[in-house]
Amino acid sequence: MNSNFFAMVNRMKLIDRWALMRNTSKENIAEHSHCVAVISHALALIGNKKFGKGYNAERVCLLAMYHDTTEVITGDMPTPVKYYNDEIKSVYKDIEQIAGERLVAMLPDEFKEDYIPLFEKQEEDKELWALVKAADKISALIKCIEERRMGNLEFEKALEAQKKIIDEIPLEEVKYFKDNFLDGYYLTLDEHTK
C-alpha cells in the first residue's frame, strides 16, 4: 500500500501562520511546531526537575510536533476567527477532528493505532496536552517579540495580549520558563554571545 501520510505532513512547511497580520518574516506551521516541541520538552523537564512532576518529556515533544498537522488540510484559521464565538469554535474543532481522521486514514492499518493519539487527545495525555497548549502560547509570544523587535507595530497589541495570556497560565513550569528563559528572546545575537 502506498501512503500519502508523510507527504502530507511534509506540507506543514507550506502553511503560513499569522495570515491576518503584516509580518517581517513568515512563520509556517512546521517551524511553529518545532518551536512548540522544544518549549513543551523544556516545560516537561522543568516540571520534573524543579517541581517533582513525572512528565514524559519525549512524549510531550511528539504531541507538540503533530499538534497543528491537521492544518495541512484545514489551513491555519486565524485565532480571532477560530475563537470568535462558541459556535465557530465548536465547528472548527469538528473540522480539525475530521482532518485528523483523514490523515490517519492515509496510514497503513498496522501504524494507525500509533498515530491516532497524536490526532485524538487521550485522557492519559491530558497533562501533556496542557504543556503543549502552554508552549503554543509561549511560541506565539515569541513570534510577537520577534516582530516587535524588528519594529513591526502590527504586533504591538498582540504582544501585550500574549504576555497577559502567559501570565494567566496556572502552571509553575510556565512561570519558571518565563522568569528564566523568556528574556533571551529580546536580545540580539551579539547580546547572546557576550
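Keep in mind the model is a prediction, meaning the values are calculated, not measured. Sequence positions are assigned chain by chain, starting from 1 and proceeding in written order. In keeping with the predicted nature of the model, local features appear solely for residues at pLDDT of at least 70, side-chain atom pairs appear and are counted solely at 80 or more, and the whole-chain, interface and lining totals rest on all residues. Computation of side-chain values covers all heavy atoms of the structure but excludes hydrogens and water.

(A) Layout of the environment of Val 72. Counting from the N terminus, the helices are the DSSP runs of H or I reaching at least four residues and the strands are the DSSP runs of E reaching at least two. The residue Val 72 is located in helix α4 (residues 71–74) in this model. Note: C-alpha distance between Val 72 and Asn 10 (62 residues apart in sequence) is 8.8 Å. In what follows, residue pairs with any heavy atoms lying within 4.5 Å of each other are defined as contacts. Beyond its immediate sequence surroundings of up to four residues, Val 72 is in contact with Met 8, Arg 11, Met 12, Ile 15, Ile 29 and Leu 103.

(B) How the structure looks around a nonpolar patch on the surface. Put simply, a patch holds well-exposed residues, over 30% relative accessible area, that have no salt bridge, with like charges counted together within 9 Å and Val, Leu, Ile, Met, Phe, Trp or Tyr side chains within 5 Å. In short, Shrake-Rupley with a 1.4 Å probe defines the accessible areas, and a residue's cover is counted only from the protein chains shown. Take a side-chain nitrogen of Lys or Arg and a carboxyl oxygen of Asp or Glu: if they are within 4 Å of each other, that pair is a salt bridge. A cluster of nonpolar residues, Leu 20, Val 81, Tyr 84 and Ile 88, forms a patch on the protein surface that exposes about 410 Å² of accessible area. Burial status follows relative accessibility: with a 1.4 Å probe on protein chains alone, a residue under 20% of its type maximum counts as buried, one over 50% as exposed, and anything between as partly exposed. Residue classification places Tyr 84 among the exposed residues on the basis of a relative accessible area of 63%.

(C) Representation of the packing of aromatic side chains within the structure. Pairs were defined over the aromatic rings of Phe, Tyr and Trp, the Trp ring being its six-membered one, requiring ring centres within 6.5 Å. Orientation was assigned from the angle between planes: stacked under 30 degrees, edge-to-face over 60, tilted for the rest. Under the criterion given, the structure shown has 10 aromatic pairs. With a centroid separation of 6.1 Å and 75 degrees between ring planes, the pair formed by Phe 6 and Tyr 115 is classed as edge-to-face. Here Phe 6 is found in helix α1 (residues 5–10), whereas its partner Tyr 115 is found in helix α7 (residues 109–119), with 109 residues between them in sequence. Residue classification places Tyr 115 among the buried residues on the basis of a relative accessible area of 17%. The interplanar angle of 75 degrees and the centroid separation of 6.0 Å between the aromatic rings of Tyr 66 and Phe 119 together place this pair among those described as edge-to-face. You can see Tyr 66 sitting in helix α3 (residues 57–66) and its partner Phe 119 sitting in helix α7, a full 53 residues away along the chain. Taking the relative accessible area as the measure of exposure, Tyr 66 reaches 11% and is therefore buried. Using a relative accessible area of 14% as the deciding quantity, one classes Phe 119 as buried. Three or more aromatic residues link up through ring pairs in this structure, and these residues are Phe 5, Phe 6, Tyr 66, Tyr 115 and Phe 119. The positively charged end of Lys 121 is found above the aromatic ring belonging to Trp 129, 4.9 Å away from the centroid. Should the NZ of a Lys or the CZ of an Arg lie within 6 Å of a ring centre and within 35 degrees of the ring normal, that charge is described as sitting over the ring.

(D) Fine view of the environment of Ile 39. Residue placement: Ile 39 occurs in helix α2 (residues 29–51). For the pair Ile 39 and Val 132, spaced 93 residues apart in the sequence, the C-alpha separation amounts to 8.2 Å. Excluding anything up to four places from it in sequence, Ile 39 contacts Ala 135, Ile 138, Ser 139, Ile 142 and Phe 177.

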